[in-house]
Amino acid sequence: MSEVQTVGPQALPALQEQVEQIIAEARRQGASACEVAVSLEQGLSTSVRQREVETVEFNRDQGFGITLYVGQRKGSASTSATGPDAIRETVAAALAIAKHTSEDEASGLADAALMATEQPDFDLYHAWDISPERAIELALECEAAAFDADKRIKNADGTTLSSHQGCRIYGNSNGFVGGYASTRHSLSCVMIAEAEGQMQRDYWYDVNRQGDLLTDARVIGQRAAMRAASRLGARPVPTCEVPVLFSAELAGGLFGSFLSAVSGGNLYRKSSFLEGAMGQTLFPEWLTLDERPHLMRAMGSASFDGDGLATYAKPFVENGRLVSYVLGTYSGRKLGMPSTANSGGVHNLFVTHGDEDQAALLRRMGRGLLVTELMGQGLNMVTGDYSRGAAGFWVENGEIQFPVQEVTIAGNMKDMFKQIVAVGNDLELRSNVRTGSVLIEKMTVAGS
């Protein structure tokens, strides 16, 4: 297995050949079944700070991971080495692990009949021919625009431009081999504002499959500066129970927590607050959460999941009711249910939204807290209790009054889901979860 020289669609046939070689070696050494993922990645990342270049990094990684089975026993191993010796040794290591593990009735490959038979091209690969010099130039331009946007911007905490491309092939001994090339380009800016003895930090960024479609560098810098400056003068508020509006870039996390709660791993371990919730109404009746894995150029698109099963569009929540768990082959077997082709996660989740923008949702809220930053990992997955440090803006009469910091927002996720009043049309398009700002009827805000 020699090193593949290029990254991109042209590398896929050679990587596919490597997968077939590894599967053949696993069979030769006595595995009854196996699955392999081979990857090849390279990227450029440049960071600037205070108008100076901090880092220019070029990375290139190639390797593979194998999971093999001896009956119902399973072993896994991975390596970043290439060549016949690396294949032999890695297969032998996985085999040795398998022989020491206990049998598991749920282990093994997915049914061969369920494997993806078609692999459409979702246009995920767009190489960006950007030189390190041009990348530095764009990052400096972004930071300079931030400094120029507001005289209270006194410091920078890093502006980074990254361009990444990669190829991945997955194959198994049931005869499935599939793969794709993809790209991901991003520009982020973090700035620090200072006034009257207080410092505040905030950021903005964009990410896209196509580098030339990234938001203009100056606009990203200006937005980061504006956000940092708008937080100056932040203070706590007295403890109260009020409506809370999660900005769109944070709202995806609420639905991400929901997906975790209905994912097979947490369900079969009985460590989810939504265990046994299938068929129950968890959200308002107007709300639907559905997966759309076959969108062109989207960040989460894929034709097959981590088990090689064909992905398909489906709702998880329909008219407020939970209609599907998030299952891979293994977790499905543990629960006695079929896989939903979600081994490895959900691909492009869409949340029902209305036609109100964030300003309209603030007017609807009247009095409460707009949350623009969350801190800590404050969700108890077993009980659904949610408590996180937050910062944002206090709202009275539907308008922002002053910035808020050093508060905690708390509630129970089951209540929070049911009390979603509205989802805005200010959709977050940079993420795998496509949602607008989310207004929740009431939560406890603990402050001074």
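Structure report, in brief.

Parameters at a glance
- Residues numbered from 1 in each chain as written.
- Predicted model: local features only at pLDDT ≥ 70, side-chain atom pairs only at ≥ 80, totals over all residues.
- Heavy atoms only, no water.
- Pairing = 2+ DSSP bridges.
- Helix = DSSP H or I, 4+ residues; strand = E, 2+ residues; numbered from the N terminus.
- Contact = heavy atoms within 4.5 Å.
- Axes fitted to C-alpha atoms, helices over the stretch in contact; angles between N-to-C directions.
- Salt bridge = Lys/Arg side-chain N within 4 Å of Asp/Glu carboxyl O.
- Buried < 20%, exposed > 50% of the residue type's maximum accessible area, 1.4 Å probe, protein only.
- Phe/Tyr/Trp six-rings, centres within 6.5 Å; stacked < 30°, edge-to-face > 60°.
- Lys NZ or Arg CZ within 6 Å of the ring centre and 35° of its normal.
- Expected span 1.5 Å × (residues − 1).
- Arc of directions from axis to C-beta.
- Core = buried A, V, L, I, M, F, W, Y, C linked by side-chain atoms within 4.5 Å.
- Parallel < 35°, antiparallel > 145°, perpendicular 65-115°, else oblique.
- Left-handed = near helix turned anticlockwise from the far one by under 90°.
- Nonpolar A, V, L, I, M, F, W, Y, C, P; charged D, E, K, R; others polar.

**Focus on the sheet that holds strand β8 (residues 289-291)**
If you trace the five strands from one edge of the open sheet to the other, you get β10-β9-β8-β11-β16, paired in mixed fashion. Single-partner strands in this sheet number two, and they are β10 (321-322) and β16 (433-434). As judged from the two bridges shared by strand β9 (residues 314-318) and β10, these two strands associate in the antiparallel manner. Looking across to β10, one finds that Val 317 is bridged to Leu 322. Running at roughly 120 degrees to strand β11 (residues 349-351), helix α5 (residues 248-261) makes contact with β8, β9, β10, β11 and β16 of the sheet.

**Topic: the pattern of salt bridges**
Overall, the coordinates contain 18 salt bridges when judged by the stated rule. Residue Asp 85 pairs with Arg 88 through a salt bridge whose shortest N-O separation is 2.2 Å. One end of the pair, Asp 85, and the other, Arg 88, are both in helix α2 (residues 84-100), three residues apart, so they sit about a helical turn from each other. When its relative accessible area of 37% is taken as the criterion, Arg 88 is described as partly exposed.

**Some points on the sheet that holds strand β3 (residues 73-79)**
The antiparallel open sheet is built from six strands, whose spatial order is β3-β2-β1-β4-β5-β6. Every interior strand has two partners, whereas the edge strands, β3 and β6 (198-208), have only one. Averaged over all pairs of adjacent strands, the angle between strand axes in this sheet comes to 20 degrees, irrespective of strand direction. Bridge analysis of strand β1 (residues 33-49) against strand β4 (residues 153-172) gives 14 bridges, and the strand direction is antiparallel. Across the sheet, residue Leu 40 finds its bridge partner in β4, namely Cys 167. Each of β4, β5 (177-195) and β6 touches helix α4 (residues 217-230); the most contacted strand, β6, lies at about 150 degrees to it.

**A short note on the environment of Ala 234**
Residue position: Ala 234 is located in the loop between α4 and β7 (240-246). Distance from Ala 234 to Glu 399, taken between C-alpha atoms, is 16 Å for residues 165 residues apart in sequence. Setting aside anything within four residues of it in sequence, one finds Ala 234 in contact with Gln 198, Gln 200, Pro 403, Val 404 and Gln 405.

**Concerning the packing of aromatic side chains**
Overall, the coordinates contain nine aromatic pairs when judged by the stated rule. A ring pair is formed by Phe 258 and Phe 417, whose centres lie 5.8 Å apart and whose planes are at 90 degrees; its orientation type is edge-to-face. Of this pair, Phe 258 sits in helix α5 while Phe 417 sits in helix α9 (residues 413-418); the two residues are 159 residues apart in sequence, bridging distant segments of the chain. Taking relative accessible area as the criterion, Phe 258 reaches 0% and is therefore assigned buried. One aromatic cluster is present, built from ring pairs that chain together Tyr 170, Phe 176, Tyr 180 and Phe 304. One residue, Lys 74, lies across the ring of Tyr 330, its end atom 6.0 Å from the ring centre.

**Overview of helix α1 (residues 12-28)**
The terminal C-alpha atoms of α1 lie 24 Å apart, and with 17 residues this matches the ideal 24 Å at 1.5 Å per residue to within 8%. Those residues of α1 that fall on the buried side of the exposure criterion are Leu 12, Leu 15, Gln 18, Val 19, Ile 22, Ile 23, Glu 25 and Ala 26. Angularly, the buried residues of α1 cover 160 degrees about the axis, an arc narrow enough to put them on a single face. The outward face of α1, more than 90 degrees from its buried face, is lined by the exposed residues Pro 13 and Arg 28. For α1, the elements touching its buried residues are β1, β2 (52-70), α2, β4 and β5. With its phi angle positive at about 110 degrees, Gly 30 sits one or two positions after the end of α1.

**Side note on the nonpolar core**
Counting 51 residues, the largest nonpolar core has Phe 246, Phe 258, Phe 283 and Ile 409 as the members making the most contacts within it. Here the element with the most residues in this core is α5; it accounts for seven residues. When residues no more than four places from it in sequence are discounted, the contact partners of Phe 246 are Ala 251, Leu 254, Val 371, Leu 374, Tyr 386, Ile 409, Met 416, Ser 437, Val 438, Ile 440 and Met 443.

**Examining the pairing of strand β14 (residues 399-412)**
Successive residues of a regular strand alternate their side chains across the two faces of the sheet. Summarising the sheet, strand β13 (residues 385-396) and β14 pair through 11 bridges and their orientation is antiparallel. Each residue of the ladder has a partner; that of Ser 387, found in β14, is Ala 410. Here β13 hands over to β14 after two residues, with Asn 397 in that stretch at a positive phi of 50 degrees. One ladder, built from three bridges, connects β14 with strand β17 (residues 438-446); its direction is antiparallel. Counted as the bridge partner of Ile 409 is Val 445 from β17.

**Some words on the packing of helix α3 (residues 132-149) against α4**
The geometry of α3 relative to α4 is characterised by a closest axis approach of 7 Å and an angle of 40 degrees between their N-to-C directions. When the axis of α3 is compared with that of α4, the two are oblique. Of the two possible hands of crossing, α3 and α4 adopt the one that is right-handed. Of α4, the residues touching α3 (which contributes Leu 138, Glu 141, Cys 142, Ala 145, Ala 146 and Ala 149) are Ala 217, Arg 218, Ile 220, Gly 221, Gln 222 and Ala 225. Grouping the constituent residues of the contact of α3 with α4 by class yields eight nonpolar, two polar and two charged.

**Topic: the pairing of strand β12 (residues 368-375)**
Across the eight residues that make up β12, a large majority, six, are buried. Bridge count for β7 against β12 is three bridges, and the pairing is parallel. By the bridge assignment for β12, Leu 245 is matched with Leu 370.

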